Amino acid sequence: MEITVTSARARSMQTEFTAEHSYLSERDNRALISVFSAYTVTATLWLLFATGVGLLMAFKFGAPEFGPGAWLTFGRLRPIHTNATFYGFASIALVGLGYYVAARSSGAKLYSATLAWTGLVLFNLAALAGHDCAGPGLHRWDLEYREWPWWIRLIFLAALW
């Protein structure tokens with residue numbers, strides 16, 4: 001058994017190398033948490049919607065006669081499901097997480113909470129507009145993820161800007 005005795009100087013040197021916590025002001029901390037919470041809630045709602053559409057598509061594999069009509073065909077539901085998953089859920093969740101992790105790990109405040117909120121509104125606007133175009137079959141492309149018209153893609157690009 002080995003007993004280690006440390007001097008007062010050694011103990012003081014140990015405290016110099018401890019990790020520092022971020023010193024955001026209370027206002028900046030509240031802004032960061034509110035932005036992160038809004039992105040998380042919005043992404044969760046998109047995930048629930050995309051999962052519901054995915055479950056409907058899975059059910060229609062076993063019972064194709066369920067829900068007849070143009071709106072519930074596989075060709076209309078698949079782009080809604082994939083676009084809601086990718087653009088509605090994943091994009092919003094990852095950008096919100098990026099804001100939070102970057103601010104927390106660097107100890108710096110958000111550059112602009114207003115720009116973060118504007119980005120969230122534009123993300124949701126693009127996802128809703130893309131859903132409204134894919135649902136009635138307004139897209140004419142055979143691509144699974146990039147079926148949005150150019151003007152919706154510009155809204156999405158503005159959200160990332």
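Above this text you will find the structure in question.
Procedures and definitions
- Residues numbered from 1 in each chain as written.
- Predicted model: local features only at pLDDT ≥ 70, side-chain atom pairs only at ≥ 80, totals over all residues.
- Heavy atoms only, no water.
- Core = buried A, V, L, I, M, F, W, Y, C linked by side-chain atoms within 4.5 Å.
- Buried < 20%, exposed > 50% of the residue type's maximum accessible area, 1.4 Å probe, protein only.
- Helix = DSSP H or I, 4+ residues; strand = E, 2+ residues; numbered from the N terminus.
- Contact = heavy atoms within 4.5 Å.
- 1 Å grid on protein atoms, 1.4 Å probe; cavity = no way out; pocket = protein on both sides within 12 Å on 5 of 7 lines; lining within 4 Å.
- Points joined across faces, edges and corners; volume = space filled by probe spheres on them.
- Nonpolar A, V, L, I, M, F, W, Y, C, P; charged D, E, K, R; others polar.

Engineer: Which parts of the structure should I look at to understand the nonpolar core?
Structural biologist: The nonpolar side chains of a soluble globular protein tend to be buried with one another. The biggest cluster of nonpolar side chains holds 24 residues, and the ones touching the most others in it are Tyr39, Ile92, Phe123, Ala126, Trp148 and Phe156. Taken together, the elements giving at least two residues each to this core come down to helix H2 (26–62), helix H3 (74–106), helix H4 (113–134) and helix H5 (150–160). Element by element, the count of residues in this core is highest for H2, at 7 residues.

Engineer: Is there a simple way to think about the side chain of Asn124 in this case?
Structural biologist: Inspection of the secondary structure puts Asn124 in helix H4. Residue Asn124 is classed as buried on the basis of its relative accessible area of 17%. Not counting chain neighbours up to four residues away, the residues in contact with Asn124 comprise Thr42, Trp46 and Ile92.

Engineer: Where do I start with the environment of Asp132 in this structure?
Structural biologist: Tracing the chain through its elements places Asp132 in helix H4. Taking the C-alpha atoms as reference points, Asp132 and Trp148, separated by 16 residues in sequence, lie 9.9 Å from one another.

Engineer: Sorry if this is basic, but what is going on with the layout of surface pockets here?
Structural biologist: Once rolled over the atoms, a probe with the size of a water molecule shows which space is left empty. Quantified by volume, the largest pocket comes out at close to 260 Å³. Lining the largest pocket are 13 residues, with Tyr99, Ser112, Leu115, Ala116 and Trp161 positioned closest to its centre. Residue assignment for the lining of the largest pocket shows that the elements contributing at least two residues are H4 and H5. Here the lining of the largest pocket takes 5 residues from H4, the largest share from any one element. Its residues assigned to classes, the lining of the largest pocket shows 10 nonpolar, 3 polar and no charged. Estimated volume of the second largest pocket: approximately 150 Å³. Taken together, Arg27, Asp28, Ala31, Leu32, Lys109, Leu110, Tyr111, Ser112 and Ala113 make up the lining of the second largest pocket. Per-element accounting of the lining of the second largest pocket gives the leading share, 4 residues, to H2.

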